[in-house]
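Chain by chain, the residues:
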Amino acid sequence: MEKTMKILWGGATAASQYEGGFTLEKGLDTQDCRPYLPRTSNATEETRLLTREKIEEAKNEASKQYYPFRNGTKGFEHLEEDIEYFAELGLDLYRFSISWSRLFPKGIEEEPSQEGVAYYDKVFQLLEEKKIKIFLTLNHYAMPIYLVEQYGGWKGRECIDHFLHFAAFVFERWGHLVEYWLPFNEINAGYFSPYNGVGLLKGENGYQLSDVFQALHHQFVASAKTIQLARKMNLPGRFGSMIACFCYYPLTSKPEDNLKLVFEEQMNQWYCMDILSKGEYPYYAETFFKNKNIVLQITEEDRKLLKENTCDFVSISFYTSSVITVDEADKTAGNLVVSTKNPYLKASEWGWQIDPVGLRTSLHRVYERYGKPVIVSENGLGARDVLTEKHQIHDDYRIEYMKSYYEQAQLALEDGVPLEAFIAWGIVDIVSAGSCEMDKRYGVIYVDADNHGNGSYARYKKDSFYWYKDFIKNYKKENID
Ligand code: BG6
């Protein structure tokens, strides 16, 4: 079949998981406060849903805990080398995020930290030299801890203006260099991972759902305002929204399973993107809020902003699919959520069910719902790798995974879905956002570091590096030459 459009192939990192550089001028942020805990059934929950006490402990210099995001994988020191690798791979696109607290340590300063500015100047300059296009996430989970303590995270409306000040600086300084913008990473994470997503602390009774949805509302308004500002400034890039996408299946053909799927899918998956893409609150939200006694503070001005500043493209992270049933069934882990086991799928060591066909299905579902260009902004296999004595990493399992998902992405394009780009997550190994481990690696470039921060942090090419390099080269030959 004749190709109608070419997919850009990329790689991604996020500031908190990659950069390190913590002892410099950077302010403490939400990710810096998450300790590493050896893997047990609830370790992920304990490191993802923090309380005020945990923040106090993280601020205490005498704390015995190891805080892996303060090291990331030392991108701050290995930047040139990593970007050389990206160029050697032939990446069309690099997705990264700016650390809010590296530029504005508390999030409220008028002027940015010059050290932070100098670091990002270098990032942009190196990418420009290598002619790698930029996909920039303004906020990938981490927010200055000061804003959490002062305003209760995004629950406080004040965060909108502080975020806008941060965004305005980024726009003025680097705005002309960015092709794709994303105000918030996986915005629906705010619902199922409120500390990471919207900076809420866990109280004695967990989280108040009304806080979660009020905080999300503030992120929607912040997103709309950044788009409004960028358009006013005539920035060349286009703006997206992004959700963690799960491709839901009913466990059986029992009507109740399917009905439950509809409700889960609405609030877990589509809710945020419906608002950011269509510019208004969806009909189903009203009933959901009524049933849960949630009353949101939304002004007329907010509604107008949302309506007038919708996103240009939609993007998804896609790793795994989910199964829904009204009955008891075996569970497995997923991207920030727990799912029912799908008997037809294999899972990664971390329990994430591998479903390349689910990606193709999801790309259709997203396009038919929004009718906007689509980007896969994250995909990859989190796996344990072994570094041999000769500094090789034989990750054939990752190559298999990549092949299968990339094939389905191309099929979706042939089906007619306007898929503009496909971005491999954690292109160089980074700290896992869910479990704070180094053991869970996504990269095609290995970083010699362990869960406790030991290691040389030297980089080595995995077998998947050579596979991805060839794949991109051949793709370009077949689709451009
Ligand atoms: C997404 C996040 O949820 O999944 C990333 O946007 C994260 O930050 C990725 O790293 C993979 O999840 P994990 O928990 O394996 O790092």
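Here the residue numbers are simple positions, counted from 1 along each chain's written sequence. In keeping with the predicted nature of the model, local features appear solely for residues at pLDDT of at least 70, side-chain atom pairs appear and are counted solely at 80 or more, and the whole-chain, interface and lining totals rest on all residues. Each side-chain value is worked out from all heavy atoms of the structure, with water and hydrogens disregarded.

Here the focus is the site of the ligand. In the vicinity of the ligand there are 15 residues, among which Glu-186, Glu-378, Gly-434, Lys-440 and Tyr-442 approach most closely. A distance of 3.0 Å separates an oxygen atom of the ligand from a polar atom in the side chain of Trp-425. Distance and chemistry together define a polar contact, namely a pair of N or O atoms within 3.5 Å, with one atom able to donate a hydrogen and the other to accept it when in protein, and with adjacent residues in sequence counting only for side-chain atoms on both sides. The contact in question runs from an oxygen atom of the ligand to an N or O atom on the backbone of Gly-434, over 2.7 Å. If the ligand stood free it would expose 370 Å²; the protein chains cover 98% of that surface. Here, proximity means that at least one heavy atom of the residue falls within 4 Å of the molecule or strand. Note on areas: these come from Shrake-Rupley sampling with a 1.4 Å probe, and a residue is covered only by the protein chains present in the view.

With that out of the way, let us pick up the environment of Val-431. Only runs of H or I of at least four residues qualify as helices and only runs of E of at least two qualify as strands under DSSP, and these elements are numbered from the N terminus. By the secondary structure assignment, Val-431 is in the loop between strand E12 (419–424) and strand E13 (445–447). The exposure class of Val-431 is buried, given its relative accessible area of 1%. For Val-431, the contacting residues outside a window of four places in its chain are Gln-17, Pro-68, Phe-69, Gly-72, Thr-73, Cys-436, Glu-437 and Met-438. The classification of residues rests on relative accessible area computed with a 1.4 Å probe and restricted to protein chains. Under 20% of the type maximum is buried, over 50% is exposed, and intermediate values are partly exposed. In this analysis, two residues are considered to be in contact whenever any of their non-hydrogen atoms come within 4.5 Å of each other.

So, on to the UniProt feature "active site" (unreviewed entry) in the chain. Residues annotated by UniProt as "active site" (unreviewed entry) correspond here to Glu-378. By the element assignment, Glu-378 lies in strand E11 (residues 374–379). Taking relative accessible area as the criterion, Glu-378 reaches 4% and is therefore assigned buried. UniProt positions are given in the numbering used here, feature names are shortened, and annotations may be inferred rather than shown by experiment.

In this scheme, a helix's expected span is set at 1.5 Å multiplied by one less than its residue total. Helix length check: helix H15 (residues 356–370) (15 residues) gives 21 Å between terminal C-alpha atoms against 21 Å at 1.5 Å per residue, within 8%. Those residues of H15 not exposed but buried are Pro-356, Gly-358, Leu-359, Ser-362, Leu-363, Val-366 and Tyr-370. The arc that holds the buried residues of H15, viewed along the axis, is 145 degrees, so those residues lie on one side. The first or second residue beyond H15 is Gly-371, which carries a positive phi of 65 degrees. By construction, the arc corresponds to the directions joining the helix axis to the C-beta atoms.

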